[in-house]
Amino acid sequence: MQKIKAAVMHGIDDVRIDEVDFPQMKAGEVLIKMKSVGVCGSDVHYYKHGKIGSYIVKKPMILGHECAGEIVEVASDVKNFKPGDRVAIEPGYTCRRCVYCKTGRYNLCPDVTFMATPPIDGAYIEYVAWPSDFVFHLPDNMTYDHGALMEPLAVGMHAVRRSRLKPGEPVLILGAGTIGLVTLLSAKAAGAGEIVVADLEDIRLNMAQKLGATKIINASKENTVEVIKDFTHGFGMEVVFETAGSVPTTQQTIELAARGGRIVWVGLAGEDRFPMPVLQAIDKELDIMGIFRYANVYPYAIQLVSTGRMNIDPLVTHRYNLENVKEALEVAYERRDGAVKVMIDIEGKA
Ligand SMILES: [Zn+2]
Ligand SMILES: [Zn+2]
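Residues numbered from 1 in each chain as written. Chains lettered and ligands numbered in written order. Predicted model: local features only at pLDDT ≥ 70, side-chain atom pairs only at ≥ 80, totals over all residues. Heavy atoms only, no water.

Note the cut-off: UniProt positions are given in the numbering used here, feature names are shortened, and annotations may be inferred rather than shown by experiment.
As recorded by an unreviewed UniProt entry, the chain carries the name GutB protein and is attributed to Vecturithrix granuli. You can read under Cofactor (unreviewed entry) in the UniProt record for the chain the words "Zn(2+)".

Shown next as structure tokens:
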């Protein structure tokens, strides 16, 4: 059988370029030559810790799930794609039969196949076969990098949808990593009023400002709760997004929200159980929402970029090729040189 190249994780800190089997395309699928694949925080986490919660890397696995490429072959029953089509790939497909799939919340489907979530292989590979209903046409004016960025952007858009943000409403975003920044872009696209972003690093806050934050808070120098109290004349923020994924910022969301406000927890704190000001949350009549991936967002994320209303170009700060995935993971882990989104150009030359 024909062999192709992939970056395979064999263990913690151990990623090698291996020869692997050519993927077998099934009915309803398309075969995609991979072009751009982003490095996600979850890829870095598996690479450095070997697990995320109950998902444990037990056998060699290919990382990467933020991906786009070119279709080279389609199954005979696939009518809406043809070889040569440029596509963004939604990296998780579901059963399409359960109550969640049928009611449009397929992100909650218990029977999901998601790239680079053990034991499912991901996208740091030359070719992938994938169900065509989780593949989306990329307009001519969008690059493969744009296509790969649809994945994190979908998370930000889903968070903003869940928040029921209305035009002109002020939002606070805790954390200015990739997910904080795509939440900012999504809030802006949805018509947010003030967009306040808090983070510990100036380099990320500057990026937030460039992308449309109207106010930034460096939480290593200022007390976010005090700044917001001043800024809102004691009211707090109507909508608060937590994307930093830390215990203290998650705890802060309740204090930062206005009475009657909405909180969306996007980031994953390192611990499952920690003290929260619950009575304050009840007293303020807060709506607190969790986020798990996204559903039915890709076509809309694509349109925001293709129509020029959302500029995601600044997010990509570094590029590597397939041979150098290990270094790319290290750069993302250390956030070297202000790394935000590290992109793998699968066909790129060293
Ligand atoms: Zn991701
Ligand atoms: Zn389902």
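1. Let's talk about the environment of Tyr93
The criterion, for reference: Helix and strand labels come from DSSP, where a helix needs a run of H or I of at least four residues and a strand needs a run of E of at least two; each type is numbered from the N terminus. Contacts were defined at the residue level, with two residues in contact if any of their heavy atoms lie within 4.5 Å.
Within the fold, Tyr93 resides in strand S9 (residues 92-93). Linking Tyr93 and Arg336, residues 243 residues apart in sequence, is a C-alpha distance of 33 Å. For Tyr93, the residues in contact, after removing those within four places along its chain, are Asp111, Val112, Thr113, Trp130, Pro131 and Phe134.

2. Some thoughts on the pattern of salt bridges
Our working definition: Within this document, salt bridges are pairs made up of a side-chain nitrogen of Lys or Arg and a carboxyl oxygen of Asp or Glu, the two lying within 4 Å of each other. The rule is simple: take the accessible area with a 1.4 Å probe, protein chains only, and divide by the maximum for that residue type; under 20% is buried, over 50% is exposed, in between is partly exposed.
For the coordinates displayed, the defined rule picks out 23 salt bridges. For the salt bridge of Lys166 with Glu169, the shortest nitrogen-to-oxygen distance reads 3.7 Å. Between Arg319 and Asp345 there is a salt bridge whose closest N-O contact spans 3.5 Å. Here Arg319, found in strand S19 (residues 316-321), pairs with Asp345, found in strand S20 (residues 341-345); they are 26 residues apart in sequence, far enough to count as distant. Among the residues examined, Arg319 registers a relative accessible area of 42% and is labelled partly exposed.

3. Thoughts on the domain arrangement of the chain
Under the convention used in this document: The domain limits used here are those given by an automatic or database domain assignment. Note: buried area is the sum, over both parts, of the accessible area (probe 1.4 Å) each one loses when the two are combined. Think of a polar contact as two N or O atoms within 3.5 Å of one another; within protein, one of them needs to be a possible hydrogen donor and the other a possible acceptor, and neighboring residues in sequence only count if both atoms come from side chains. We call Asp, Glu, Lys and Arg charged. Ala, Val, Leu, Ile, Met, Phe, Trp, Tyr, Cys and Pro are nonpolar, and the rest, Gly among them, are polar.
Domain boundaries assigned for the chain yield domain 1 (3-137 + 312-345) and domain 2 (156-290). Taken over C-alpha atoms, the centre of domain 1 sits 29 Å from the centre of domain 2. Taken together, the contact between domain 1 and domain 2 spans eleven residues of the former and twelve residues of the latter. Ranking the residues of domain 1 by area buried against domain 2 places Leu315, Arg335 and Val340 at the top, with a combined share of 49%. In this structure, the salt-bridge partner of Glu201 is Arg335, at a minimum N-O distance of 2.4 Å. For the pair domain 1 and domain 2, the number of links is one residue pair in polar contact (both at pLDDT 80 or more). The residue makeup of the side of domain 1 that touches domain 2, split by class, is five nonpolar, three polar and three charged.

4. A look at empty space enclosed by the protein
The gaps of empty space that remain are located by a probe, the size of a water molecule, rolled over the atoms. So the rule is basically this: Cavity means a closed set of points on a 1 Å grid over the protein atoms alone, one where a 1.4 Å probe fits but cannot get out, pocket means an open set with protein on both sides within 12 Å along at least 5 of 7 lines, and lining means a residue has an atom within 4 Å of a point. Grid points are joined across faces, edges and corners, and a volume is the space filled by probe spheres set on the points.
Scanning the model with the defined rule gives one cavity of 30 Å³ or more in all. Estimated volume of the largest cavity: approximately 80 Å³. Looking at the largest cavity, the residues that line it are Glu90, Pro91, Gly92, Thr94, Tyr106, Asn107, Val112, Phe114, Arg293 and Tyr294. Here the residues of the lining of the largest cavity are counted per class, giving five nonpolar, three polar and two charged.

5. Section: the coordination of the zinc ion (ligand 2)
Rules: Listed donor atoms are N, O and S within 2.8 Å of the metal (Na, K and Ca: 3.2 Å). As water is not included, a site may look incomplete. When four donors show all angles between 85 and 135 degrees the site is tetrahedral, when four or six donors have opposite pairs over 155 degrees and all other angles between 65 and 115 it is square planar or octahedral respectively, and in every other case it is irregular.
Listed as protein donors to the zinc ion (ligand 2) are Cys95 (SG), Cys98 (SG), Cys101 (SG) and Cys109 (SG); their distances from the metal cover 2.3 to 2.4 Å. Coordination geometry of the zinc ion (ligand 2): the four donor atoms subtend angles of 105 to 114° at the metal centre, consistent with an arrangement described as tetrahedral. Mapping the donors of the zinc ion (ligand 2) onto the primary sequence gives the spacing C-x2-C-x2-C-x7-C. Of this pair, Cys95 sits in the loop between S9 and helix H2 (99-102) while Cys109 sits in the loop between H2 and strand S10 (113-114), placing them 14 residues apart in sequence. You can call Cys95 buried: its relative accessible area is 16%.

6. So, the coordination of the zinc ion (ligand 1)
Protein coordination at the zinc ion (ligand 1) comes from Cys40 (SG), His65 (NE2) and Glu66 (OE), with a distance range of 2.3 to 2.4 Å. Along the chain, the residues donating to the zinc ion (ligand 1) are arranged with the sequence spacing C-x24-H-E. Here Cys40, found in the loop between strand S3 (29-39) and helix H1 (41-49), pairs with Glu66, found in strand S7 (residues 66-74); they are 26 residues apart in sequence, far enough to count as distant. For the pair Cys40 and Glu66, one class covers both residues: buried.

7. Section: H1
Every buried residue of H1 is listed here: Asp43, Val44, Tyr46, Tyr47 and Lys48. Packed against the buried residues of H1 are strand S1 (3-11), strand S2 (14-21), S3, strand S4 (51-52), strand S5 (55-56) and helix H10 (325-334). With its phi angle positive at about 80°, Gly50 sits one or two positions after the end of H1.

8. What about the UniProt feature "domain: Enoyl reductase (ER)" (unreviewed entry) in the chain?
The positions UniProt marks with the feature "domain: Enoyl reductase (ER)" (unreviewed entry) are residues 11-344. Taken end to end, residues 11-344 comprises 29% helix and 28% strand; its first and last C-alpha atoms sit 20 Å apart.

9. Remarks on the sheet that holds strand S16 (residues 237-242)
Stated precisely, the cut-off is as follows: Strands are labelled as partners when DSSP assigns at least two bridges between them. For every element, the axis is a line fit to its C-alpha atoms; helices are fit only across the contacting stretch, and the angle between N-to-C directions ranges from 0 to 180 degrees.
What the six strands build is an open sheet, ordered S15-S14-S13-S16-S17-S18; its pairing is parallel. Two strands in the sheet have a free side with no partner beyond their single neighbour: strand S15 (215-218) and strand S18 (287-290). Geometrically, the sheet is characterised by an average inter-axis angle of 15° between neighbouring strands, direction not taken into account. Across four bridges, strand S14 (residues 195-199) lies against S15 in parallel orientation. Across the sheet, Val197 pairs through a bridge with Ile216, a residue of S15.

10. Thoughts on a nonpolar patch on the surface
How we decide: Patch building starts from residues that exceed 30% relative accessible area and form no salt bridge, then joins like charges within 9 Å and nonpolar side chains (Val, Leu, Ile, Met, Phe, Trp, Tyr) within 5 Å. Areas reported as accessible are Shrake-Rupley estimates using a 1.4 Å probe. Residue values count occlusion only from the protein chains shown.
On the surface, Val99, Tyr100, Leu108 and Phe292 cluster together into a nonpolar patch covering about 340 Å² of accessible area. Position of Leu108 relative to the elements: it lies in the loop between H2 and S10. For Leu108, a relative accessible area of 33% puts it in the partly exposed group.

11. Here's the deal with the packing of aromatic side chains
Ring pairs (aromatic) are described by centroid distance and by the angle formed between their planes. Condition: Stacked, edge-to-face and tilted are the three classes for Phe, Tyr and Trp ring pairs, Trp counted by its six-membered ring, which pair at centre distances within 6.5 Å; planes under 30 degrees apart are stacked, over 60 edge-to-face, the rest tilted. Distance and angle both matter: a charge sits over a ring if NZ of Lys or CZ of Arg is within 6 Å of the ring centre and within 35 degrees of the ring normal.
The tally for this structure, following the rule as stated, stands at five aromatic pairs. Here Phe22 and Tyr127 contribute two aromatic rings whose centre-to-centre distance is 5.0 Å and whose plane-to-plane angle is 35°, an arrangement assigned as tilted. Residue Phe22 is found in the loop between S2 and S3, and its partner Tyr127 is found in strand S11 (residues 127-131); the two are separated by 105 residues along the sequence. Centre to centre, the rings of Tyr93 and Trp130 are 4.9 Å apart; their planes meet at 75°, and the pair counts as edge-to-face. Taken together, the residues span a long stretch of sequence, with Tyr93 in strand S9 and Trp130 in strand S11 at a distance of 37 residues. Aromatic rings pair up to connect Phe136, Tyr294 and Tyr298 into one cluster. Its end group placed over the ring of Phe114, Arg293 keeps NZ or CZ at 3.7 Å from the ring centre.

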